[in-house]
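Inside the fold
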Amino acid sequence: MSSAATTVAQSAQQSALEPAPASAFLEHGAVEESPTAAAAQAAAAQGAVARPAAGYSGYKLVPARHPWRWVGTVVVALGVVAVAWSLATNPRWEWGVVAQWFTAQSVVNGLVETLKLTAISGALGFVLGFILALMRLSASPLLLSVSWTFSWIFRSTPLLVQMLLWYNLGYLYEKISLGIPFTDIRFFEVQTTTLISQFAAAVLGLTLNQAAYSAEIIRGGILSVDQGQLEAAAALGIPAWRRSTRIVLPQAMRAILPTAFNEIIGLVKGTSIVYVLAYSELFYTVQVIYNRTQQVLPLLLVATLWYVAITSVLSIFQYYIERHYSKGAVRNLPLTPLQKARKFFSTHPAMNFDRAKDAR
């Protein structure tokens, strides 16, 4: 009897020390915890609170490694050094001849003509392109058809063909007159060969070709503005002209500017095709010089360097104009190169010369 009682007592004590099984549920679904498990959890919680926070000051910071980035950097750096070494050591580049002709009066005169063609054709082309874009967005079927046909024709024909066509317009029409249609009344009449000179044919060809592309650029920028902007402005009673100039255009300029400046840069280089009209712009002037001196490569480098200089200045203007029109798109305007330089020198002060002297 005594041994059996002892065995029953030991089994009861062991079951008390073991955790409650998962099947021990109360009627409302809660798990029944034993007093021993609750006490153990309370002790663990007290130990966790009392445990001091771990310090990370002894850990070593290991920067992330980018081996392929360094490999690419080294390869590109070697390529740049090789190109620079070739340009500096190869005597056939004839840099002395390049320096001689770079600021020659004839070359500068050709550069002025190139800038003149670019400015006139670019301004007239974008004004005409803006009108064509509005016509394309018009509800009038006639205006829409005329705008679409204009863009289709002038984007489908090469610029060289257009220039030659305008220069030989006198073969089709001997005289150009202005008056009342279908009558003999004339207010103005002139010979076509007198009116369409080399400069006029160049401006006409470049302007009309530029207008065809500008119309699509401007139309795409206007369509990029959410229609809800116009609906909200109309609901507020804002006049149509003010809606267009103060709401639509500032937002459309963000989409128009990058492509528009690409077109202007392309127009600068496209003026070189005017050489077929024997007009003395930059490229034609360079051709005349190297045909006389037989220094082909140095003179081509002169023209190349001037084109690079012009496009670099245009790229600077593009950066600041795009930055101006990005005010409504970003919270903080991006830093200009000058502001970045100031920030760099403010966060990385120059070396103290006194310490440098002491180190010596």
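What you see is a predicted model, and the numbers here were worked out from it, not measured in a lab. (Residues numbered from 1 in each chain as written. Predicted model: local features only at pLDDT ≥ 70, side-chain atom pairs only at ≥ 80, totals over all residues. Heavy atoms only, no water.)

Observations regarding a nonpolar patch on the surface
Here is the rule we go by: Grouping into patches uses exposed residues only, defined as over 30% relative accessible area, and leaves out salt-bridged ones; the cut-off is 9 Å for like charges and 5 Å for nonpolar side chains (Val, Leu, Ile, Met, Phe, Trp, Tyr). Surface accessibility follows the Shrake-Rupley procedure with a 1.4 Å probe radius. Residue values consider only the protein chains on display as shielding. Any carboxyl oxygen of Asp or Glu that lies within 4 Å of a side-chain nitrogen of Lys or Arg is treated as forming a salt bridge with it. Numbering of helices and strands runs from the N terminus; a helix is a DSSP stretch of H or I covering at least four residues, while a strand is a stretch of E covering at least two. Exposed residues in this analysis have more than 50% of their type's maximum accessible area, buried residues have under 20%, and partly exposed residues fall in between, with area computed by a 1.4 Å probe over protein chains only.
Residues Leu-178, Ile-180, Ile-185, Phe-187 and Phe-188 make up a contiguous nonpolar surface patch of about 520 Å² in total accessible area. By secondary structure assignment, the location of Leu-178 is in strand β1 (residues 175–179). Taking relative accessible area as the criterion, Leu-178 reaches 52% and is therefore assigned exposed.

Let's talk about the packing of aromatic side chains
Aromatic rings considered in pairs are described by the distance between their centres and by the relative angle of their planes. What counts is decided by this rule: Two rings from Phe, Tyr or Trp (for Trp, the six-membered ring) form a pair when their centres sit within 6.5 Å of each other. Planes less than 30 degrees apart are called stacked, planes more than 60 degrees apart edge-to-face, and all others tilted.
Going through the model one piece at a time under the given rule, you end up with seven aromatic pairs. Their ring planes at 20° and their centres at 6.1 Å tell us that Trp-93 and Trp-95 sit as a pair that is stacked. The exposure class assigned to Trp-93 is partly exposed, which follows from its relative accessible area of 22%. Centroid distance Trp-148 to Trp-152: 5.7 Å. Interplanar angle 15°. Geometry classified as stacked. Of the two residues, Trp-148 and Trp-152 are both situated in helix α6 (residues 141–156); the distance of four residues between them amounts to about one turn of the helix.

With respect to the side chain of Gln-210
Let me state the cut-off plainly: Should any heavy atoms of two residues lie within 4.5 Å, those residues are counted as being in contact.
Mapping Gln-210 onto the fold places it in helix α10 (residues 198–223). Ignoring sequence-local partners within four residues, the contact set of Gln-210 consists of Ser-121, Gly-125, Phe-126, Glu-263 and Leu-267.

Topic: the packing of helix α5 (residues 105–136) against α6
As a reminder of what qualifies: Fitted lines through C-alpha atoms give the axes, limited to the stretch in contact for helices. The angle between two N-to-C directions lies from 0 to 180 degrees. Working rule for angles: under 35 degrees goes down as roughly parallel, over 145 as roughly antiparallel, 65 to 115 as roughly perpendicular, anything else as oblique. Note on convention: the crossing is left-handed when the near helix lies turned anticlockwise from the far helix by less than a right angle, right-handed when the turn is clockwise.
Axis separation between α5 and α6 bottoms out at 7 Å; the angle between their running directions is 130°. Put simply, α5 runs oblique to α6. Here α5 and α6 pass one another in a crossing that is left-handed. In contact with Leu-128, Leu-132, Met-135 and Arg-136 of α5, α6 contributes Leu-143, Leu-144, Val-146, Ser-147, Trp-148 and Phe-150.

Section: the packing of helix α13 (residues 282–293) against helix α14 (residues 296–325)
Where we set the bar: Throughout this entry, Asp, Glu, Lys and Arg are counted as charged residues, while Ala, Val, Leu, Ile, Met, Phe, Trp, Tyr, Cys and Pro are counted as nonpolar. The remaining residues, Gly among them, count as polar.
Packing of α13 against α14 brings their axes to within 9 Å, and their N-to-C directions diverge by 165°. When the axis of α13 is compared with that of α14, the two are roughly antiparallel. Remark: the crossing between α13 and α14 carries right-handed chirality. Each of Leu-282, Phe-283, Val-286, Ile-289, Tyr-290 and Thr-293 in α13 lies in contact with α14, whose residues at this interface are Val-296, Leu-299, Leu-300, Ala-303, Trp-306 and Tyr-307. In terms of residue class, the contact of α13 with α14 is made up of 11 nonpolar, one polar and no charged.

Regarding the nonpolar core
Using the following cut-off: In this description, a nonpolar core means a group of buried Ala, Val, Leu, Ile, Met, Phe, Trp, Tyr and Cys residues linked to one another through side-chain atoms lying within 4.5 Å.
Leu-117, Phe-150, Leu-206 and Val-274 are the most contacted members of the largest nonpolar core, which has 22 residues in total. Contributions of two or more residues to this core are made by α5, α6, α7 (159–167) and α10. Ranked by the residues each element gives to this core, the list is headed by α10, at eight residues. Residues within four places of Phe-150 in sequence aside, it is in contact with Leu-128, Leu-132, Leu-208, Ala-211 and Ala-212.

Focus on the pairing of β1
The line we're drawing: Strands pair, by our definition, only if DSSP identifies at least two bridges between them.
Pairing between β1 and strand β2 (residues 186–191): five bridges, direction antiparallel. Counterpart to Ser-177 in the pairing with β2 is Glu-189. Remark: six residues form the turn of the hairpin made by β1 and β2, two consecutive strands paired antiparallel; Phe-182 in that turn has positive phi of roughly 65°.

Regarding α7
Stated precisely, the cut-off is as follows: To be clear, the arc concerns the directions from the helix axis to the C-beta atoms.
Among the residues of α7, Leu-159, Gln-162, Met-163 and Trp-166 are the ones counted as buried. One side of α7 holds all its buried residues, which, seen down the axis, span an arc of 100°. Contacts made by the buried residues of α7 are with α6, α8 (169–172), α10 and α12 (240–270).

Quick notes on the environment of Val-146
Mapping Val-146 onto the fold places it in helix α6. Assessed through its relative accessible area of 42%, Val-146 is described here as partly exposed. Spatially, the C-alpha atoms of Val-146 and Met-135 are 8.1 Å apart, while their sequence positions differ by 11 residues.

Focus on the pattern of salt bridges
According to the stated counting rule, one finds three salt bridges in the structure shown. Ionic pairing is found between Glu-113 and Lys-116, a salt bridge with its closest N-O pair at 3.4 Å. Pair noted here: Glu-113 and Lys-116 are both in helix α5, with a separation of three residues, about one helical turn. Taking relative accessible area as the criterion, Glu-113 reaches 16% and is therefore assigned buried. Residue Arg-219 pairs with Glu-216 through a salt bridge whose shortest N-O separation is 2.8 Å. Highlighted residues: Arg-219 and Glu-216, both in helix α10, separated by three residues, approximately one helical turn. Three or more residues are tied together by salt bridges with common partners; here these are Arg-136, Glu-216 and Arg-219.

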